[in-house]
Every structure is written in structure tokens, then in C-alpha cells.
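Report on the structure
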Amino acid sequence: MDSGSGMAISTTDLNLWYGTFQALFDVNLEVKPGIITAMIGPSGCGKSTFLRSVNRINERLGYVRITGEINVYDRNIYGEDVELVQVRKQVGMVFQRPNPLPISIRDNVLFGYQIHGQGKTASKSDQDDVVEDALRQVLLWDQVKDRLNAKATGLSLEQQQKLCIARLLPVKPRVLLMDEPCSALDPKGTEAVEELLWELRGKYSILIVTHNMAQARRASDECIFMLLGKVVEHTETETMFVTPKFEETENYIEGRYG
Amino acid sequence: MFDATELNQKNERVEKLFRAGFGLMTVMLIIPVLIILTTLVVKGGSVVNFDFLFQSPTNGMTAGGIFPALLGTVWLVLVALLISVPLGVAAAVYLSEYAPENWFTRVINLAIINLAGVPSIVHALFGVGAFVLFFGFGTSILAASLTLAIMTLPLIIVATRESLQAVPYAFREACWNMGATRWQTIRRVVLPNAISGILTGVILEVSRTSGETAPIMFTGAAFFLPLLPQSVFDQTMALSLHLFVVSTQVPDMPEAVPYGVALVLICLVLLMNSLSIALRVYLRGRKKW
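In this section: the nonpolar core. Among the nonpolar cores identified, the biggest contains 73 residues, and Ile 40, Leu 101, Phe 111 and Leu 135 of chain A are the most heavily contacted of them. Top contributing element to this core by residue count: helix H8 (residues 182–211) of chain B, with seven residues. Core analysis: the second largest hydrophobic core is formed by 33 residues, Leu 70, Val 132, Ala 221 and Val 245 of chain B among them.

Once that is clear, we can look at the pairing of strand S4 (residues 36–40) of chain A. Residue and element names in this part refer to chain A. With five of five residues buried, S4 lies mostly within the body of the structure. Of the two faces of S4, the one holding Ile 36, Ala 38 and Ile 40 and the one holding Thr 37 and Met 39 are both buried throughout. Pairing of S4 with strand S9 (residues 205–209), which is carried by four bridges, proceeds in the parallel orientation. Pairing of Ile 36 across the sheet is with Ile 206, part of S9. Relative to strand S10 (residues 222–227), S4 is paired through four bridges, and the arrangement is parallel. Note that in S10 the partner of Thr 37 across the bridge is Glu 222.

To continue, consider the interface of chain B and chain A. With 18 residues of chain B in contact, the opposing surface of chain A contributes 20 residues. It is Asn 177, Met 178 and Arg 188 of chain B in chain B that bury the most area against chain A; as a group they hold 42% of the surface buried on that side. Run the count over chain B and chain A and you get zero salt bridges. Summed over the shared surface of chain B and chain A, the number is four residue pairs in polar contact (both at pLDDT 80 or more). Sorting the residues of the side of chain B that touches chain A by element identifies helix H7 (169–177) and H8 of chain B as the ones contributing at least two each. Per-element tally for the side of chain B that touches chain A: the top contributor is H7 of chain B, with seven residues. In terms of residue class, the side of chain B that touches chain A is made up of nine nonpolar, four polar and five charged.

A few words now on the sheet that holds S9 of chain A. Residues and elements named next belong to chain A. Spatial strand order, S7-S8-S9-S4-S10-S11: six strands in an open sheet with mixed pairing. Of all the strands in the sheet, just strand S7 (91–94) and strand S11 (230–236) have a single pairing partner and so form its edges. Across the sheet, the axes of successive neighbouring strands diverge by a mean angle of 20 degrees, strand direction being ignored. Helix H7 (residues 187–200) rests against S4, strand S8 (175–179) and S9 of the sheet, and its axis sits at about 155 degrees to S9.

So, on to the side chain of Asn 108 of chain A. When you line up the elements, Asn 108 of chain A lands in helix H3 (residues 105–115). Here Asn 108 of chain A falls in the buried class, since its relative accessible area comes to 0%.

Let us now look at the pattern of salt bridges. When the charged atoms of two side chains lie near each other, side chains of opposite charge can form a pair. Residues and elements named next belong to chain A. Using the criterion set out here, one finds 14 salt bridges over all chains in the structure. The salt bridge involving Glu 222 is made with Lys 32; its shortest N-O contact spans 2.5 Å. You can see Glu 222 sitting in strand S10 and its partner Lys 32 sitting in the loop between strand S3 (30–31) and S4, a full 190 residues away along the chain. Residues joined by salt bridges that share partners form a network here, namely Arg 106, Lys 124 and Asp 128.

The next thing to look at is the environment of Gly 197 of chain B. All names here are of chain B. Positionally, Gly 197 belongs in helix H8. For the pair Gly 197 and Thr 160, spaced 37 residues apart in sequence, the C-alpha to C-alpha distance is 6.5 Å. Beyond its immediate chain neighbours, meaning those up to four positions away, Gly 197 contacts Ala 159 and Ser 163.

Quick look at the side chain of Thr 152 of chain B now. Residues and elements named next belong to chain B. With respect to the helices and strands, Thr 152 occurs in helix H6 (residues 141–165). In terms of polar contacts, Thr 152 uses its side chain to reach the side chain of Glu 205, at 2.7 Å. If we skip the residues at most four places from it in the chain, Thr 152 touches Ser 84, Glu 205, Arg 208 and Thr 209.

In the predicted model, chain B carries a mean pLDDT of 88, and the fraction of residues at 70 or more is 98%. No element of chain B has a lower mean pLDDT than strand S2 (residues 63–64) of chain B, at 78, and none a higher one than helix H1 (residues 6–44) of chain B, at 93.

Below, the discussion takes up the pairing of S9 of chain A. Sheet faces and side chains relate simply in a regular strand, where the side chains alternate between the two faces. Residue and element names in this part refer to chain A. Within S9, five of the five residues are buried, which leaves the element mostly enclosed by the surrounding structure. Taking every second residue as pointing to the same face, both faces of S9 are buried, with Ser 205, Leu 207 and Val 209 on one and Ile 206 and Ile 208 on the other. Bridge count between S8 and S9: five bridges; the pairing is parallel. Opposite Asp 179, over in S9, you have Val 209 as the bridge partner. You can see the chain leave S8, run along H7 and come back into S9, and the turn it takes is right-handed.

Conventions adopted
- Along each chain, numbering runs from 1 in the same order as the chain's sequence is written.
- For naming, the first written chain is A and the first written ligand is 1, with later ones following in the order written.
- Residues qualify for local features only when their pLDDT is at least 70, as the model is predicted, and side-chain atom pairs are given and counted only at 80 or more; totals for whole chains, interfaces and linings, by contrast, use all residues.
- Side-chain metrics rest on all non-hydrogen atoms present in the structure, leaving aside hydrogens and water.
- Nine residue types can take part in a nonpolar core, namely buried Ala, Val, Leu, Ile, Met, Phe, Trp, Tyr and Cys, and a core is a set of them joined through side-chain atoms within 4.5 Å.
- Throughout this description, buried means an accessible area under 20% of the type-specific maximum (1.4 Å probe, protein chains only), exposed means over 50%, and partly exposed covers the range between.
- Note on conventions: DSSP H or I runs of at least 4 residues are helices, E runs of at least 2 residues are strands, and numbering of each starts at the N terminus.
- Here the rule is simple: two strands pair whenever DSSP picks up at least two bridges between them.
- Residue contacts are defined here by distance: any two heavy atoms, one from each residue, within 4.5 Å place the two residues in contact.
- Put simply, buried area is the surface a 1.4 Å probe can reach on two separate parts but cannot reach once they are joined, added for both.
- For this analysis, a salt bridge means a side-chain nitrogen from Lys or Arg found within 4 Å of a carboxyl oxygen belonging to Asp or Glu.
- Within 3.5 Å is the distance limit for a polar contact, defined as a pair of N or O atoms, with the added protein rule that one can donate a hydrogen and the other accept it, and that residues adjacent in sequence qualify only through two side-chain atoms.
- Any residue that is not Ala, Val, Leu, Ile, Met, Phe, Trp, Tyr, Cys, Pro, Asp, Glu, Lys or Arg is counted as polar, Gly included; the first ten are nonpolar and the last four charged.
- A fitted line through C-alpha atoms serves as each axis, taken over the contacting stretch for helices, and the angle formed by two N-to-C directions is quoted from 0 to 180°.
- Note: pLDDT gives the predictor's confidence per residue, expressed from 0 to 100.
- Call a crossover right-handed when, viewed with both strands pointing away from you, the route from the first strand across the helix to the second goes clockwise.

Structure representation (C-alpha cells):
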């Protein structure tokens, strides 16, 4: 434990290299708990890289090197005494392309719950409650309650993405990371997922990466603008879109590059 | 506009020529199969009946049935499977799911490919040296099955590894990102989705194993035995060797008998193959992604 800032995610001097290519430069960020924070910036600015290092997916590549600290609720997740499985449990991640497992809807929701050990002692009816609760939270319950044993891969993309969010919830994660969760969805699906984000707001700290500036504006409390591996600006979303402090931010928001 | 030019017409002719040529080659593939099957049915079909399948040979194998050989083949195949399937599947899972990409893995892969290329008679001699003599199993079902198992290991490893690799990587990542360990991922997602391919490999191995003669000749199969084997340490008769014996070693053999034995053997193999195809079609129909 260090300072005890109470921040959901805070980084100090985070630098990240893919081999010899430096993707993040001295990132110092504080993501507040319980709200939705959006990360925007042009392709290759490091926003996805940042997101992926918060639940330590990047290190699987093998050639990634990191200096500095990433603290999640005041604990350095790259510390030596940190159990990776617990990081993955507390920090859930949603991807661009929905990636439900090729098993039933029910088993998808229970997957994390079971691998983290809660499933073994739970009775069938407890499990049913877990499934219902998670699917209700993502506003999917009414659509799938009659076919919980159907293959999850047969759902529509929007439903799949909601399911991918739902399966994170039974283990009660503290942080949800979303890497362009709507980019594979049509406008209606996007709207539904954004609606869902507001439902989840307050219960989880949400960090969402998006290419879609309108989405960042609609669906976040705070906004982080990144450019070439550096954080340019981090303020309340309204402020950023109305009165950006830096010229780069303004130019990006107005679509002069990106 | 839109009329065929001379070049179009020429391309069209070449196109037709190649299509017909390749089609002809494909049809020619079927011809040997048809000839073999028809010959066997015509010449051997008359002797194959219930008694032929379930009675022992009599009169110096010129009469009676082939039951000890049929049973022996089943024994050999079953024991070989019990050895090679766990070993092969475990090795394939390691290679596909755990092994890092380094020189050691490459050496193992090379070894597997080489093992697949070793002629069966060499496997037979290895079996004699290793299992019959060194481990002291004698000429027995166990020694023969071990030899068969080693011979078919590459088959099962390659089939298993390929079906594991066919499971999209995204599924594994999805599991790992939720905190699942490798083994949890393998058991809950990868294996259930690869099982059809693994079973196909197993059945192909069965059909290959049941037809092999050389590896079992010196290690456990006998020309003729008056008694059925009582344990895996006994010798046994086997269909493939029996076919060899009745075709070449026994004087005054009625012509229909070897053809009958061959017919039974080939039916057994075809049955296994169609089972494998049916299973694959069935299991593939159930998965969607």
C-alpha cells in the first residue's frame, strides 16, 4: 500500500516499450472511482496500450518493457507480491470485437465466477441468481432468459458484447476497461451499450477507449486526450469539448486530424 | 462492347481443358478402390458369413473361420490405443498450449515428423529390441501393441495438435483475460472444441493400426494358435498377418479364403473411416463461430 489516494487507477511516470519502440511516455494519470472516464486520441496514440497494461495483458507479448507504476486502488499491480489472477479478476476487460466463449450463455456468465472458485460451493439456484443478476445489470436478461442454454456465439453482436460485460460482473471487479466496445456494433447497438454504461456507472470504475468523439462526449464524466504516447489533457468531458485547454486537443476534437 | 474477344475465347478453351483434366484425374482415383472392392466381394464374398467371423480356423487354416485373428486385431488395437492416445494427446496439448517457441520445441517437432517417416519394418525391429527383449515382455500382445502405439504416435499428435490449433486464439485470450489459468482454459474451452478433431485422429489411428502387419509379425502376432489369448502377455493371431499367411504360406488354400479375410479386414477399416467421418460431420455441425 502507498499513499492511499483512493483513485481507481493512478500511474506514476509510466513508460512502455514494445521492443525498442516507446509507446507511452511518462504517463501520470488519476482515474477517479465510480465514474466513466473516456480516453480519446488518434490511432497509435497509446490509449489501447495504456488500457491493456492496466490488467497486464500486454506482458503476454513477451517483448514489452514497463517502467513506473500503475496503481489500482492504491496497489501497484506490477508489484512482485501481486497475483496476476487477482489483477485479472479485479480489473475486467471488454474488447473491440465481442469474444464470448463458444459455450452456453449461462456458462459464459458463470465462467469467471467458477474459475475464481465461487462456483464450486454455489448451489444450482445460487448460480441461477448470479446469472440473472449479471444479465439484468447489462439489460440482457429479458432477451435471453428463455434460452440461457443456447450457444452464446449465436447471439447478435450487440448481445454478445453485453454478455462479455455481464460475464465480468459475478466476480465483482472494481474496474472495467473497455477497448472501443462499440466499434463492431451498429448505431442501435452502440446506443444500447452506452445506455448500459450509465447503468453500471457508480458500481464500477469504468475506463473506456474510443475513436468516436461523439461517444466520448455522450458517455463519459471525464475525458483524457492522448497524443503520441503522452497525456495531453485530462478534464471533465464537458470542459474538454467546450473549452479545451490545448491547441492539439481542440484540433483533434474538431476533426482537423485523427 | 461486351463481345468475346479472341483472347477471351482462348482463355475459355484453356479453362475447359484444365477443368476436364483435373476432373479426370479425380475420377481415376476412384477406379482402384472400385476394382479392389469388387474383386474382393466377387471372389471372397461367398465365404464371409457368421461362422466365418466367429469360428476358429480348422484343417490347417483351409477351413473354418477367422475368429482368433479378428479378436486378436481388436486386442492389439485396443491396447495400442490405451497407450498412444493418452501419451499423444498429452504431448499435443503440451506442444500446442504450453510449449514456448524455441529450439527445444523445434527439435521435438522434428522428432515427431521423423518418427512418422520411419518405415514400419524398422518399428518392428525396434519393437523386438526394446519391448520383446529389453523389457522382457516376450512376443506378446503388449509388445506388439507398444510397437503399434509408437508407430502411430505421430499420427495422433499431429491430428490432435491441428485440432487444438483450429480453436480460435481469441477464445484462449478471452479466458486468460478473465484470470483463467492455462489448464482451466484448456479443460473448459480448448479441449471441448477440439474433441471432434482428436476423435477423428484416434479413429484414423485405429484403421491404420488394424491393417499393419510388419510391426506385429516379430513382436506378438503368431501364424496360428490353437487357443485364444488369456492376457496381454500372450501371443495372438491378427487379421493382417492371417491374410499374409493364408495367401502365401499355406498349401492347398481354397482361393476364396484369402479374399474373404481381405474383405473382412478392408470392411473393418472402411467402417472405422466412415465412423470417423460421421463423427466429424456430427460434431462439426454442433459448433458455430
